[in-house]
Amino acid sequence: KNSNHFTIQELYGLCGVLNSSLYDRYFRLINGLTQVNAREIRHIPFPNMSIIKKIGTLILENNVSEITIEITDKIIQKTIILPNNIVQYLTSKYT
C-alpha cells in the first residue's frame, strides 16, 4: 500500500490473512518455523488490498472478538475462491 495509513477493515483483513491456515502453511514451507521476521513478510505474496479489505469487513460484520484460524479460513474461503482439495489440505491439520 502506498499510504502509511490503514483503515480498520484493512488491518482486520491483514490480521485475518496472516492468521489463516493458508499463510500458516506457507510460512512453514518457506521457513520451517512459525516465527517470521519483517523481511520475510515483505516478500510474502498477499491478495490485493480490495480483497484484504473485504476479508476485514467480513470479520468486523461477524463481530468476531477473537480472530481464530477456523474463522479466518471460512471467511477467506468465501472471499478467495480456492479448489476444494486445496481447502481440505490447508485445513486438515486443524480438524
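Details of the structure are given in the entry above.
Cut-offs and rules
Residues numbered from 1 in each chain as written. Predicted model: local features only at pLDDT ≥ 70, side-chain atom pairs only at ≥ 80, totals over all residues. Heavy atoms only, no water. Phe/Tyr/Trp six-rings, centres within 6.5 Å; stacked < 30°, edge-to-face > 60°. Helix = DSSP H or I, 4+ residues; strand = E, 2+ residues; numbered from the N terminus. Buried < 20%, exposed > 50% of the residue type's maximum accessible area, 1.4 Å probe, protein only. Arc of directions from axis to C-beta. Contact = heavy atoms within 4.5 Å. Axes fitted to C-alpha atoms, helices over the stretch in contact; angles between N-to-C directions. Parallel < 35°, antiparallel > 145°, perpendicular 65-115°, else oblique. Left-handed = near helix turned anticlockwise from the far one by under 90°. Nonpolar A, V, L, I, M, F, W, Y, C, P; charged D, E, K, R; others polar.

Chemist: Kindly report on the packing of aromatic side chains, identifying the contributing residues and their values.
Modeler: This model, assessed by the stated rule, comprises one aromatic pair. Here Tyr23 and Phe46 contribute two aromatic rings whose centre-to-centre distance is 5.5 Å and whose plane-to-plane angle is 20°, an arrangement assigned as stacked. Note that Tyr23 is positioned in helix α2 (residues 21-31) and Phe46 in the loop between α3 (38-42) and α4 (49-61), a separation of 23 residues in sequence. Under the relative-accessibility criterion, Tyr23 is labelled buried at 7%. Residue classification places Phe46 among the partly exposed residues on the basis of a relative accessible area of 29%.

Chemist: I'd like a description of helix α1 (residues 8-18), backed by residues and values.
Modeler: Structurally, the α-helix is built with 3.6 residues per turn, so residues lying three or four positions apart point the same way. Burial in α1 covers these residues: Glu10, Gly13, Leu14, Gly16 and Val17. One face of α1 carries all of its buried residues, which in axial projection span an arc of 160°. On the buried face of α1, the contacting elements are α2, α4 and α5 (69-79).

Chemist: Quick rundown of the packing of α4 against α5? Include the residues and the values.
Modeler: Look at α4 against α5: their axes get within 10 Å of each other, and the N-to-C directions meet at 130°. By the angle between their axes, α4 is oblique relative to α5. When you trace α4 past α5, the crossing you get is right-handed. Judged by residue contacts, Ile51, Lys54, Ile55, Leu58 and Ile59 of α4 engage Thr72, Ile75, Ile76 and Thr79 from α5. Looking at the contact of α4 with α5 residue by residue, the classes come out as six nonpolar, two polar and one charged.

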